Amino acid sequence: VIHPACRHRFRALKYKGLYDALETVHNGDTRGVYTYWGYRGGAWERGNGIRIDHVMLEAAVADRLQGAGVHAHVRGWDTPSDHAPVWTRVRWGQ
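Residues numbered from 1 in each chain as written. Predicted model: local features only at pLDDT ≥ 70, side-chain atom pairs only at ≥ 80, totals over all residues. Heavy atoms only, no water.

Each helix and strand in the protein was counted, giving 4 helices and 4 strands. Helices and strands appear in the protein in the N-to-C order α-β-α-α-β-α-β-β. C-alpha atoms of the protein, sized along the principal axes, occupy 45 × 30 × 20 Å. For the protein, with 94 residues in total, the buried portion stands at 28%. At a minimum sequence separation of 6, the contacts of the protein that also span at least 24 residues come to 59%. Total accessible area on the protein stands at roughly 6500 Å², and carbon and sulfur atoms take up 51% of it. The centroid of the 13 positive side-chain charges in the protein is displaced by 5 Å from the centroid of its 9 negative side-chain charges. (Helix = DSSP H or I, 4+ residues; strand = E, 2+ residues; numbered from the N terminus. Buried < 20%, exposed > 50% of the residue type's maximum accessible area, 1.4 Å probe, protein only. Contact = heavy atoms within 4.5 Å. Areas by Shrake-Rupley, 256 points an atom, 1.4 Å probe, with all protein chains shown as cover. Lys, Arg positive; Asp, Glu negative; His and termini not counted. Charge placed at Lys NZ, Arg CZ, Asp CG, Glu CD.)

Here it is, written out as structure tokens:
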């Protein structure tokens with residue numbers, strides 16, 4: 001979340017009690033966890049990405065979070081998107 005207004009609104013989601021799945025799994029340190037690499041300037045090849053895709057969870061779901069990550073390898077495919085999918089694993093039921 002780059003633009004200041006977007007950052008403000010993203011923080012507002014957290015203030016309302018939502019949890020960022022990747023931050024939760026990485027204990028708040030998501031440095032180097034990217035979901036987007038632009039096509040210009042070799043961003044993918046240089047590891048120069050940003051994280052603009054998020055999975056936000058309410059507390060009851062965050063308590064059951066078993067894992068979260070980014071399928072970054074798909075960005076290296078022959079005809080990739082500039083985004084990589086974010087995934088979560090949540091324990092359901094008892």
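Okay, back to it.
This paragraph deals with the side chain of Asp 20. As for its placement among the helices and strands, Asp 20 is situated in strand E1 (residues 19-20). By relative accessible area, Asp 20 is classed as buried at 2%. Polar contacts involving the side chain of Asp 20 include one to the main-chain amide nitrogen of Leu 22, which spans 3.0 Å. Side chain to side chain, Asp 20 and Arg 51 meet in a polar contact 2.7 Å long. (Polar contact = N/O pair within 3.5 Å; in protein donor to acceptor, adjacent residues only side chain to side chain.)

A separate point is the packing of aromatic side chains. Scanning all chains against the criterion turns up 2 aromatic pairs. Look at Tyr 34 and Trp 37: their rings are 6.4 Å apart centre to centre, the planes differ by 90 degrees, and that puts the pair in the edge-to-face class. Residue Tyr 34 is classed as partly exposed on the basis of its relative accessible area of 25%. A centroid spacing of 4.9 Å and a plane angle of 90 degrees characterise the contact between Trp 37 and Trp 44, whose relative ring orientation is edge-to-face. For Trp 44, a relative accessible area of 26% corresponds to the partly exposed category. Here the aromatic cluster, defined as three or more aromatic residues joined through ring pairs, consists of Tyr 34, Trp 37 and Trp 44. (Phe/Tyr/Trp six-rings, centres within 6.5 Å; stacked < 30°, edge-to-face > 60°.)

So, on to the environment of Lys 16. Mapped onto the elements of the fold, Lys 16 is located in the loop between helix H1 (4-15) and E1. Taking relative accessible area as the criterion, Lys 16 reaches 71% and is therefore assigned exposed. Along the sequence, Lys 16 and Arg 91 sit 75 residues apart, while their C-alpha atoms lie 23 Å from each other.

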